[in-house]
Amino acid sequence: MATYDIGALKADLPTAKELAQFVYDKTQIALDLVGKPKDAQYVAAKAALEGKEVPKEFLTDQNPYIDRKELIPHDEIKPDPGRDKDCPAEESRVHYYLATNMPHPFDPQSDKKVHIDFWKYENGVVTYKINGPLEEVAVGSRINKFGQPQPEKFSWIDPRTPETVLMRADGTFTAKGRGLHTFCISEKGAGTWPLIDKDIVSIDSKNITDPWA
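Every value quoted in this text rests on a predicted model; they were computed, and no experiment measured them.

Analysis parameters
Residues numbered from 1 in each chain as written. Predicted model: local features only at pLDDT ≥ 70, side-chain atom pairs only at ≥ 80, totals over all residues. Heavy atoms only, no water. Axes fitted to C-alpha atoms, helices over the stretch in contact; angles between N-to-C directions. Helix = DSSP H or I, 4+ residues; strand = E, 2+ residues; numbered from the N terminus. Parallel < 35°, antiparallel > 145°, perpendicular 65-115°, else oblique. Contact = heavy atoms within 4.5 Å. Phe/Tyr/Trp six-rings, centres within 6.5 Å; stacked < 30°, edge-to-face > 60°. Buried < 20%, exposed > 50% of the residue type's maximum accessible area, 1.4 Å probe, protein only. Lys NZ or Arg CZ within 6 Å of the ring centre and 35° of its normal. Expected span 1.5 Å × (residues − 1). Arc of directions from axis to C-beta. Core = buried A, V, L, I, M, F, W, Y, C linked by side-chain atoms within 4.5 Å. Salt bridge = Lys/Arg side-chain N within 4 Å of Asp/Glu carboxyl O. Pairing = 2+ DSSP bridges.

J.: Go over the packing of helix α2 (residues 16-27) against helix α3 (residues 38-49) with me, naming the residues and quoting the values.
T.: Each pair of packed helices can be described by the angle between their axes along with the distance between the axes. Contact geometry of α2 with α3 gives a least axis separation of 10 Å together with a crossing angle of 10°. As judged from the angle between their axes, α2 and α3 are roughly parallel. Taken together, the residues of α3 that come into contact with α2 (itself represented by Ala 16, Leu 19, Phe 22, Val 23, Lys 26 and Thr 27) are Lys 38, Gln 41, Tyr 42, Ala 45, Ala 48 and Leu 49.

J.: Residues and numbers for the packing of aromatic side chains, please.
T.: According to the stated counting rule, one finds four aromatic pairs in the structure shown. Between Tyr 96 and Trp 119, the aromatic rings sit 5.6 Å apart at their centres with planes inclined by 40°, giving tilted as the arrangement. Highlighted residues: Tyr 96 in strand β1 (residues 93-103) and Trp 119 in strand β2 (residues 113-121), separated in sequence by 23 residues. Look at Trp 119 and you get buried, because its relative accessible area is 12%. Directly above the ring of Phe 58 sits Lys 36, whose terminal nitrogen or CZ lies 5.5 Å from the centroid. Geometry around Trp 119 places Arg 93 over its ring, the cationic atom sitting 4.1 Å from the centre.

J.: I'd love a proper account of α2, names of residues and values included.
T.: The first and last C-alpha atoms of α2 sit 16 Å apart over twelve residues, in line with the 16 Å expected at 1.5 Å per residue. Listed as buried for α2 are Ala 16, Leu 19, Ala 20, Gln 21, Val 23 and Tyr 24. Of the surrounding elements, those touching the buried residues of α2 are α3. Note on α2: the residue one or two positions beyond its end, Gln 28, has a positive phi of about 65°.

J.: So what's going on with helix α4 (residues 175-185)? Which residues, and what values?
T.: Within the sequence span of α4, burial applies to Gly 177, Leu 180, His 181 and Cys 184. One side of α4 holds all its buried residues, which, seen down the axis, span an arc of 105°. Looking at the buried residues of α4, the elements they touch are β1, β2, β3 (126-132), β8 (164-167) and α5 (193-196).

J.: For the side chain of Thr 164, give the residues involved together with the corresponding values.
T.: Residue placement: Thr 164 occurs in strand β8. With near-sequence residues (within four places) excluded, Thr 164 lies in contact with Asp 84, Cys 87, Val 126, Thr 127 and Tyr 128.

J.: Can you lay out the nonpolar core for me, pointing to particular residues and giving the numbers?
T.: One broad trend across soluble globular proteins is that nonpolar side chains are buried collectively. Leu 19, Val 23, Leu 31, Leu 33 and Val 54 are the most contacted members of the largest nonpolar core, which totals 16 residues. Of all the elements in the fold, those that place two or more residues in this core are α2 and α3. Per-element accounting of this core gives the leading share, six residues, to α3. Met 102, Tyr 128, Phe 173 and Leu 180 belong to the second-largest nonpolar core, a separate cluster that totals 15 residues.

J.: Break down the pattern of salt bridges for me, with residues and values.
T.: Taken as a whole and judged by the stated rule, the model has 13 salt bridges. Lys 46 is paired through a salt bridge with Glu 50; the nearest N and O atoms lie 2.9 Å apart. With relative accessibility at 21%, the residue Lys 46 sits in the partly exposed group. Of the charged contacts, one joins Glu 163 and Arg 83 as a salt bridge, the two residues approaching to 2.7 Å between their closest N and O atoms.

J.: An account of the sheet that holds β1 is requested, with residue identities and associated values reported.
T.: Reading across from one edge, β1-β2-β3-β8 is the order of the four strands in this open sheet, with antiparallel pairing throughout. Strands at the two margins of the open sheet, each flanked by one partner only, are β1 and β8. On average, each strand axis in the sheet is inclined to that of its neighbour by 30°, with strand direction left out of account. Of the pairings in the sheet, the one linking β2 to β3 comprises six bridges and is antiparallel in character. Note on β3: the bridge partner recorded for Trp 119 is Thr 127. Against the sheet, α4 makes contact with β1, β2, β3 and β8, and its axis sits at roughly 75° relative to β1, the strand it touches most.

If you want it as structure tokens, here you go:
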């Protein structure tokens, strides 16, 4: 293992950026040097170059060749919306149907489609939940240091909804449920409502062979 002289490193690599890049080239160890005491920077770099332990506060996972100012930020994906409080207990579900070709709520006239989970419960309630897909999109525009346009950030078109009541136990529909039901019984909805509003218990009863099971 080669040995390095701190004085020579200071003379040859006078900036934190140059020092971090040199260490990375030699060792693939990324150092966080900016803002640290100058002498401590070179002690940490010497340790890395000579295969010795580097203090944790000097280690990073950021490549020193990447200009963080030029990185395009990405918005985080929001947590799953979960379930509305009016939904029955999950244990009482008797039927599930996944529709994968439903109009996008943000642009229903476009070719974009969403996936919707439908559940029916023992008490007759039917619920729905849009589960995606999410679409990452570029937002804004800026000129980078190379004179090229690039997005200011990336964000998400997120159509997901909580699980929400569509049809109540008495057979009436919620405000949003009424429109969804109308679509599902229409020609455009390909008559999907019978696939959603199923009573699995009654269907399975046709095939019962052991009444005591």
